[in-house]
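# Architecture and fold: a report
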Amino acid sequence: MKQIGNNSGDKVSVSRRSLATPPARPPARPTVMKFGGTSVADAACFRRVVAIITGAEDPAALIVVVSALAGATDRLVACAAAAGCGQTASALDILHALRARHQAVAAELLPVAPCRAYAAHIAALVAGAAELCRQAGSGLPLSTSDSADIVGLGERLAAPLLASALIAAGRRSQAIAATELISLASDGEPDMARSTARCRARLRPLLQRGVLPVVTGFICRGHDAAPATLGRGGSDYSATLVAACMHAREAIIWTDVDGVHDADPRLVPAAQVLPELSYQDAALLSQAGAKVLHPKCLEPARAAAIPLSIRNTFRPERLGTRVTAASPRLGAPARPLGLAVRSNLALLACHDPTGDARSQLQARAWHALGDDAVAFHFLPEAGTLQVAVPDSQAAAVLAIWRWALRLPAGDPRLRLHPGVVLVHVVGGSAGEEIHARAVTALADDGVPYLASGVSPEPGVIGIAVQQSDLPAALAAVHRSLLPPPPASRSLEAFGALAPAAASRGAAAQSLIPAEFVAGDNWREA
């Protein structure tokens with residue numbers, strides 16, 4: 001074993017096999033690994049990532065996709081917003097702070113010469129973003145592509161840093177901007193034909209020469225060839241797009257949790273990892289609010305029948321969750337998949353004893369929200385129509401309802417409950433029986449809830465509670481519906497990253513209609 005170190009003396013063991021020059025042969029099917037922001041938060045995290053990559057079963061057949069350092073994208077969004085408002089000094093301060101942060105990580109991680117080369121490289125990148133901010137401050141508008149260029153800077157700073165760290169560990173590596181690979185069509189969706197051609201033309205020669213590509217997540221090329229992004233959390237999407245274009249044997253999302261859980265482990269300590277999921281079940285959980293996977297990232301993997309794994313960078317010995325075309329369901333058929341949460345909602349209630357206003361008010365709510373579609377329509381209780389909507393849109397919908405019903409301001413027949421979260425019970429036979437068990441569990445624990453209902457689509461129950469009651473509500477429902485299964489797969493490692501044969505099957509369709517999707521609730525990539 002050889003150890004690589006840095007100025008602080010920290011060391012990571014790397015096998016001698018990983019230091020050998022990889023054979024110059026084209027791998028039959030590469031593996032795509034994606035590392036999120038928490039996985040590359042600082043120098044210690046980078047060293048951990050390098051050890052995972054170099055310790056892989058076949059490090060010569062890898063493509064890596066990397067996010068911006070933890071928190072960097074949030075700062076760059078603030079930078080673009082400040083530049084767009086003419087606050088040039090604030091925007092430049094953010095850029096200078098990010099440059100200093102990356103240089104500090106590089107100084108701890110890299111030898112002197114590569115560190116100087118990296119510093120010069122990112123100085124040019126930051127200078128380009130700073131010029132866009134100055135132009136906006138001089139009166140020129142900040143275009144959509146300019147904003148995307150600024151917001152996507154974090155990935156362009158992270159990819160060469162990881163490539164440099166891999167080179168320092170003895171691997172041949174090269175940073176690749178995803179603007180060279182992923183193209184959008186005129187409708188804003190990925191142009192798979194063009195993207196596939198670009199990915200194969202750019203990445204295959206590198207793999208054949210034994211060079212490990214480190215691709216920027218999140219960013220891409222618009223249909224007009226201008227800089228664009230795949231949306232917040234889009235690095236997961238980048239990874240599965242690259243995997244589909246390269247006909248990968250597997251895509252692995254490395255993050256800061258052990259896999260997809262049956263509830264948020266930060267809120268429910270008893271939450272269990274789901275070892276296996278189908279694409280359909282993973283889509284249900286993601287669209288219902290589970291934050292481990294970007295909702296769109298499953299689409300390319302499902303279409304290309306590529307297995308997708310979610311694993312913990314900080315506990316790489318854990319197997320995590322594996323998503324394939326058809327995975328066995330844990331437990332009894334009636335057992336739900338898990339619980340998911342949507343936050344930042346408000347509950348609108350209208351006293352409608354006859355039900356005459358129901359369809360009119362629902363239609364007006366949909367029209368008012370547009371792309372921020374209604375989160376959940378609850379069953380009417382005691383002649384009351386109740387709808388959960390994004391908090392930021394609640395006042396507008398309430399005003400429209402008041403106008404439609406010709407009600408004066410303050411009329412008690414219309415009520416607004418802000419600060420609401422929606423607990424989704426997802427999957428299994430999530431119908432009336434499960435609904436009854438869930439609300440009974442809340443009553444037994446003395447947890448109040450505002451509304452509950454069963455989706456007209458199979459597999460989803462919604463329970464609205466106040467934000468302050470969320471931990472108790474999750475604990476009660478989880479304990480009742482999701483006790484530990486009688487037997488679970490071992491979490492011991494099965495060898496670094498040995499691939500498993502992918503299950504093949506028809507592409508499953510998501511059961512969550514658009515009206516259940518409200519807001520950006522997935523984790524930062």
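Our subject is the structure listed above.
Before going into details, it helps to say that this report is about the structure given with it. The model shown is predicted, which means the values in this text are computed figures rather than measured ones.

### Observations regarding the overall build of the chain
For the chain, the helix and strand inventory stands at 15 helices and 18 strands. Here the chain holds 525 residues, and 53% of them are scored as buried. Considering only contacts within the chain whose residues lie at least 6 apart along the sequence, 77% involve residues at least 24 apart. Accessible area for the chain stands at about 20,800 Å²; split by element, carbon and sulfur atoms hold 55% of it.

### Here we look at the sheet that holds strand E5 (residues 173–176)
In sheet architecture, strand pairing relies on hydrogen bonds along the backbone and comes in two forms, parallel and antiparallel. Spatially, E5-E6-E4-E3-E9-E11-E12-E10 is the arrangement adopted by the eight strands of the open sheet, whose pairing is mixed. Only two strands of the sheet have a single partner each, and these edge strands are E5 and strand E10 (276–278). Each strand of the sheet is rotated relative to its neighbour by a mean of 20°, with strand direction disregarded. Sheet analysis places strand E9 (residues 250–255) next to strand E11 (residues 308–312), joined by five bridges and oriented parallel. Residue pairing across strands places Thr255 opposite Asn312, the latter belonging to E11. Most of the contacts of helix H2 (residues 43–54) go to strand E3 (residues 31–35), to which it runs at about 170°, and overall it touches E3, strand E4 (62–66), strand E6 (212–216) and E9. Here helix H9 (residues 235–245) sits on the sheet and contacts E3, E4, E9 and E11; the angle it forms with E3, its principal contact strand, is near 170°.

### Digging into the state of the cysteines
Within the structure shown, the criterion is met by zero disulfides. Here Cys133 stays unpaired: no disulfide links it, and the sulfur of Cys79, its closest cysteine neighbor, is 3.8 Å away.

### Considering the side chain of Asp262
Within the element layout of this structure, Asp262 appears in the loop between E9 and E10. Asp262 gets classed as buried once you look at its relative accessible area, which sits at 0%. A polar contact is formed between the side chain of Asp262 and the side chain of His478, at a distance of 2.8 Å. Setting aside anything within four residues of it in sequence, one finds Asp262 in contact with Ala271, Gln272, Leu274, Arg335, Leu337, Gly338, Leu339, His478 and Leu482.

### As for the packing of helix H5 (residues 112–137) against helix H6 (residues 144–151)
Relative orientation of the contacting elements H5 and H6 amounts to 140°, with a least axis distance of 10 Å. By the criterion of interaxial angle, the relationship of H5 to H6 is oblique. As for the relative orientation of H5 and H6, their crossing is left-handed in sense. Facing H5, whose interface residues are Ala129, Leu132 and Cys133, H6 presents Asp146, Asp149 and Ile150. Looking at the contact of H5 with H6, its residues break down into four nonpolar, no polar and two charged.

### A closer look at the environment of Leu92
Checked against the element boundaries, Leu92 lands in helix H4 (residues 88–109). C-alpha of Leu92 to C-alpha of Ala130: the two residues are 38 residues apart in sequence and 6.2 Å apart in space.

### Section: the layout of surface pockets
Taken as a whole, the second largest pocket encloses approximately 480 Å³ of empty space. Taken together, the elements giving at least two residues each to the lining of the second largest pocket come down to helix H10 (279–288), strand E13 (338–351) and helix H15 (470–481). At four residues, the largest contribution of residues to the lining of the second largest pocket is made by E13. For the lining of the second largest pocket, the residue count by class is 17 nonpolar, eight polar and six charged.

About the criteria used
Residues numbered from 1 in each chain as written. Predicted model: local features only at pLDDT ≥ 70, side-chain atom pairs only at ≥ 80, totals over all residues. Heavy atoms only, no water. Helix = DSSP H or I, 4+ residues; strand = E, 2+ residues; numbered from the N terminus. Buried < 20%, exposed > 50% of the residue type's maximum accessible area, 1.4 Å probe, protein only. Contact = heavy atoms within 4.5 Å. Areas by Shrake-Rupley, 256 points an atom, 1.4 Å probe, with all protein chains shown as cover. Pairing = 2+ DSSP bridges. Axes fitted to C-alpha atoms, helices over the stretch in contact; angles between N-to-C directions. Disulfide = S-S within 2.5 Å. Polar contact = N/O pair within 3.5 Å; in protein donor to acceptor, adjacent residues only side chain to side chain. Parallel < 35°, antiparallel > 145°, perpendicular 65-115°, else oblique. Left-handed = near helix turned anticlockwise from the far one by under 90°. Nonpolar A, V, L, I, M, F, W, Y, C, P; charged D, E, K, R; others polar. 1 Å grid on protein atoms, 1.4 Å probe; cavity = no way out; pocket = protein on both sides within 12 Å on 5 of 7 lines; lining within 4 Å. Points joined across faces, edges and corners; volume = space filled by probe spheres on them.

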